[in-house]
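# Results of the structural survey
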Amino acid sequence: MNAANPAPVELTPEQEIARVDALAERSLSPCGEGHMSARIWGNSGEPLVLLHGNFGSWMHWIRNVEVLSQHYRVIALDIPGFGDSATDRKSTRLNSSHV
């Protein structure tokens, strides 16, 4: 590499998370006694909603949201009880109907 074309700077995982998070709009919706968190990338295109699996967060999609946001309005939700979303205590109680 030369001065006109420097080598790309490699970010730490924490820096990469902060970089991608800073590109997103954050939205909060009421959820139980708290809120459900969503991050939104892109301003045009059809909406594309991304849901993570168990014990996850919006970060499951961190390697995908920038590319997808070039074609879609990407909405990555943190489902209740995970990521930045509050736990909905009513939905986490088990009773005999769940067994």
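Residues numbered from 1 in each chain as written. Predicted model: local features only at pLDDT ≥ 70, side-chain atom pairs only at ≥ 80, totals over all residues. Heavy atoms only, no water.

Before going further, it helps to spend a moment on the overall build of the protein. Secondary structure assignment for the protein yields three helices and four strands. Along the protein, helices and strands appear, N-terminal first, in the series α-β-β-β-α-β-α. By element, 54% of the accessible surface of the protein is carried by carbon and sulfur atoms, the whole surface being about 7,200 Å². (Helix = DSSP H or I, 4+ residues; strand = E, 2+ residues; numbered from the N terminus. Areas by Shrake-Rupley, 256 points an atom, 1.4 Å probe, with all protein chains shown as cover.)

Within the open sheet, the four strands sit side by side as S1-S2-S4-S3. Their pairing is mixed. Sheet topology places strand S1 (25-31) and strand S3 (47-51) at the edges, where each strand pairs with a single neighbour. Going from strand to strand, the sheet's axes swing by 25° on average, the running direction of each strand aside. As paired elements, S1 and strand S2 (residues 34-41) share seven bridges and run antiparallel to each other. What sits directly across from Pro 30, in S2, is His 35. (Pairing = 2+ DSSP bridges. Axes fitted to C-alpha atoms, helices over the stretch in contact; angles between N-to-C directions.)

Taken as a whole and assessed by the stated rule, the structure comprises two aromatic pairs. Summarising the aromatic geometry, the rings of Trp 41 and Trp 58 are spaced 5.7 Å apart at their centres and angled 45° between planes, so their arrangement reads as tilted. Remark: Trp 58 occurs in the loop between S3 and helix H2 (65-68) and Trp 41 occurs in strand S2; sequence separation between them is 17 residues. Residue Trp 41 is classed as buried on the basis of its relative accessible area of 2%. Judged by centre distance (5.7 Å) and plane angle (85°), the rings of Phe 55 and Phe 82 are edge-to-face. (Phe/Tyr/Trp six-rings, centres within 6.5 Å; stacked < 30°, edge-to-face > 60°. Buried < 20%, exposed > 50% of the residue type's maximum accessible area, 1.4 Å probe, protein only.)

We now examine the nonpolar core. Val 20, Ala 24, Trp 41, Leu 50, Trp 58, Ile 62, Val 65, Val 74 and Ala 76 together form the largest nonpolar core, which totals nine residues. In this structure Ile 62 touches Glu 16, Ile 17 and Val 20, once residues within four positions along its chain are discounted. (Core = buried A, V, L, I, M, F, W, Y, C linked by side-chain atoms within 4.5 Å. Contact = heavy atoms within 4.5 Å.)

This next bit is on the environment of Gly 45. Tracing the backbone through its elements, the reader meets Gly 45 in the loop between S2 and S3. Classification of Gly 45 as partly exposed rests on a relative accessible area of 48%. The sequence separation of Gly 45 and Tyr 72 amounts to 27 residues, and the corresponding C-alpha distance is 4.3 Å.

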